[in-house]
Amino acid sequence: MTGFLGQALIYIVPFLLVLTFIVTIHELGHFWVARAFRVKIDRFSIGFGKTIVSRTDKHGVEWRIAWLPLGGYVKFSGDLDASSVPDQAGLAELKSRVIAEHGPGAERDYFHFKPVWQRALIVAAGPFANFLLAIALLTVLFSVIGEQVLGPRVYNVVAGSPAAEAGFRSGDLITAVNGRAVSEAETVTSQVMLSAGDPLVFTVERGPQTLTLTATPERRIENDPIAGRIRVARIGLELRPLPQDYHFNRLNPLEAAGKGIERMNMIVGSTFRYLGRIFVGKESGDLLNGPVGIARAAGGITNAAASVEAPPAVVAANVALNLLQFAAIVSIGMGIVNLLPIPVLDGGHLVFYGYEAVARRPVPARVQELGYRVGLALLAGLMLFATWNDLQKLSLFKFLGGLA
């Protein structure tokens, strides 16, 4: 039981710490921009459900920590619920009551009566805060430990693989993919993973020769020590740099910030490309993770970092740095998901505000209410799909009688 409990804590505690940290920054983005526009705020909550501890500040905002630490929210005055869905039936009554009690103009302190551009900035501030957080974390990492660059040198070619058929050999150095120069193994791997079924043209240095080789990635099932059982595109290359291909750059803060922005843009671009391939049927969505998958990844990273044979202080620093990098990636993912044009999410609100800005009138109340219901259904479906992916990666289905 102790061993099981210890393993559970290794997976659950890092997951909750990372998630709570990221969600708090996301909600603070909404909160501070709303505060800048003098919006009345009822509550800032970390977690959902019953309150563990709370206090009310001089502005009348209730700051609370709830018992279910799987998210958080900012509740503006006049909101129907924690998702900032307006109570359409009550807004007119609220406006009349506020004017009657405090005079004309007092309603302008309420989120839903603010100009559309202010509402849009408040909503966009959450995902923007996630992207800023990721850049800040990556900047710290590149400044403290530097940038590790692993050249894309071919160490081994799997027999019978697309790479073998294309003519790859051990010792080849990949310098470009589809005409785009590459200097890191990670870039090559990422390009291959997102190109199942699409031919890729590789520029390769082989001694004094420069060759052009074409290989088409094939999707296969792998057991990843962190992500679990996944289907991913490969061409059959093992990349491992030679000593001359490996270097480590410690960057100054300005360079680190630039590299952080570059790395974030790469992750965002790869994510949207992957989502686009899902939309056109070129990917199955196996790489989408839900809470179980994120928890598994957090635990796997913690286990791997803690297994280093070193003094306790070094191990603790290694765990912290690895979790910071993981938090940066999850923060980017949260920012992207919240920008999806699904009602209830920030992106859905922005779509409504975009219509309002163009049409000079808000989306009809019934359309908004229907959109929020559809959005909740889509969000629930997405979460169920991602969770099912997580369970399949963990191979839990075998305990259910081997479902066919």
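Everything numeric in this text was worked out from a predicted model, so none of it was measured. (Residues numbered from 1 in each chain as written. Predicted model: local features only at pLDDT ≥ 70, side-chain atom pairs only at ≥ 80, totals over all residues. Heavy atoms only, no water.)

Caption draft 1: Structural context of the layout of surface pockets. Within this model, the second largest pocket holds a volume of roughly 480 Å³. Forming the walls of the second largest pocket are 19 residues, and the residues nearest its centre are Arg-180, Val-182, Thr-187, Ser-190 and Met-266. Contributions of two or more residues to the lining of the second largest pocket are made by strand S6 (180–181), helix H5 (185–193) and helix H6 (253–279). Sort the elements by how many residues they give to the lining of the second largest pocket and H6 lands first, with eight residues. Residue composition of the lining of the second largest pocket, grouped by class: five nonpolar, seven polar and seven charged. (1 Å grid on protein atoms, 1.4 Å probe; cavity = no way out; pocket = protein on both sides within 12 Å on 5 of 7 lines; lining within 4 Å. Points joined across faces, edges and corners; volume = space filled by probe spheres on them. Helix = DSSP H or I, 4+ residues; strand = E, 2+ residues; numbered from the N terminus. Nonpolar A, V, L, I, M, F, W, Y, C, P; charged D, E, K, R; others polar.)

Caption draft 2: Structural context of the nonpolar core. Counting residues in each nonpolar core, the largest one holds 27 residues, and the members touching the most others are Val-18, Ile-22, Phe-131, Met-264, Val-268 and Ile-332. At the level of secondary structure, the elements contributing two or more residues to this core comprise helix H1 (2–36), helix H3 (116–144), H6 and helix H8 (312–338). Excluding residues that lie within four positions of it along the chain, Val-268 makes contacts with Phe-131, Ile-332 and Ile-336. Core analysis: the second largest hydrophobic core is formed by 16 residues, Val-154, Phe-168, Ile-174 and Ile-235 among them. (Core = buried A, V, L, I, M, F, W, Y, C linked by side-chain atoms within 4.5 Å. Buried < 20%, exposed > 50% of the residue type's maximum accessible area, 1.4 Å probe, protein only. Contact = heavy atoms within 4.5 Å.)

Caption draft 3: Seen up close, the confidence of the model for the protein chain. When pLDDT is averaged along the protein chain, the result is 80; 78% of the residues meet or exceed 70. This model gives residues 395–404 a pLDDT under 50, and the stretch forms seven contacts once residues within four places in sequence are excluded. (pLDDT = per-residue confidence, 0-100.)

Caption draft 4: Quick peek at the sheet that holds strand S5 (residues 173–177). If you trace the four strands from one edge of the open sheet to the other, you get S6-S5-S7-S8, paired in antiparallel fashion. Of all strands in the sheet, those bounded by a partner on one side alone are S6 and strand S8 (209–215). Packing of H5 onto the sheet brings it into contact with S5 and strand S7 (200–206), and relative to S7 it is tilted by some 155 degrees. (Pairing = 2+ DSSP bridges. Axes fitted to C-alpha atoms, helices over the stretch in contact; angles between N-to-C directions.)

Caption draft 5: Region of the structure containing the packing of H3 against helix H9 (residues 346–359). Contact pair H3 / H9: the axes reach a minimum separation of 10 Å and the direction vectors enclose 160 degrees. Our classification of the angle between H3 and H9 gives roughly antiparallel. Note on packing geometry: the crossing formed by H3 with H9 is left-handed. Contacts between H3 and H9 involve Val-116, Arg-119, Ala-120, Val-123, Ala-124 and Pro-127 on the former and, on the latter, Asp-346, His-349, Leu-350, Tyr-353, Glu-356 and Ala-357. Looking at side-chain class alone, the contact of H3 with H9 contains eight nonpolar, one polar and three charged residues. (Parallel < 35°, antiparallel > 145°, perpendicular 65-115°, else oblique. Left-handed = near helix turned anticlockwise from the far one by under 90°.)

Caption draft 6: Region of interest: the pairing of S7. Of the two faces of S7, only one is covered, namely that formed by Leu-200, Phe-202, Val-204 and Arg-206; the face formed by Val-201, Thr-203 and Glu-205 stays uncovered. Looking at chain direction, S5 and S7 are connected through four bridges and run antiparallel. Bridging across to S7, Val-177 finds its partner in Phe-202. Judged from the seven bridges that link them, S7 and S8 form a sheet pairing that is antiparallel. Each bridged residue has a counterpart across the sheet, and for Val-204 the counterpart in S8 is Leu-211. As consecutive antiparallel partners, S7 and S8 are separated by two residues, and within that stretch Gly-207 has a phi angle of approximately 65 degrees, a positive value.

Caption draft 7: Spatial organisation of the environment of Lys-259. Residue placement: Lys-259 occurs in helix H6. Classification of Lys-259 as buried rests on a relative accessible area of 14%. In this structure, the C-alpha to C-alpha distance between Lys-259 and Leu-138, residues 121 residues apart in sequence, is 7.9 Å. If we skip the residues at most four places from it in the chain, Lys-259 touches Phe-142, Glu-147 and Leu-251.

Caption draft 8: Representation of unusual backbone geometry. At Arg-38, a position not held by glycine, the phi torsion is positive, near 60 degrees. Its location among the elements puts Arg-38 in the loop between H1 and strand S1 (41–56). Its relative accessible area of 68% is what places Arg-38 among the exposed residues. Of note in this structure, Arg-360 is not a glycine but carries a positive phi near 60 degrees. One can find Arg-360 in the loop between H9 and helix H10 (365–393). Judged by relative accessible area, Arg-360 falls into the exposed class, the value being 76%.

Caption draft 9: Representation of the packing of aromatic side chains within the structure. According to the stated counting rule, one finds ten aromatic pairs in the structure shown. Ring centres of Phe-48 and Tyr-73 lie 5.5 Å apart, and the angle between their planes is 20 degrees; on these two criteria the pair is classed as stacked. Placement of Phe-48 in strand S1 and of Tyr-73 in strand S2 (residues 62–76) is noted, with a sequence separation of 25 residues between them. Residue classification places Phe-48 among the partly exposed positions, given a relative accessible area of 31%. Connected via pairs of aromatic rings, a cluster forms that spans Phe-31, Trp-32, Phe-44 and Trp-63. For the cation-ring pair, Arg-240 lies above Tyr-155, with the distance from its terminal atom to the ring centre recorded as 3.8 Å. (Phe/Tyr/Trp six-rings, centres within 6.5 Å; stacked < 30°, edge-to-face > 60°. Lys NZ or Arg CZ within 6 Å of the ring centre and 35° of its normal.)

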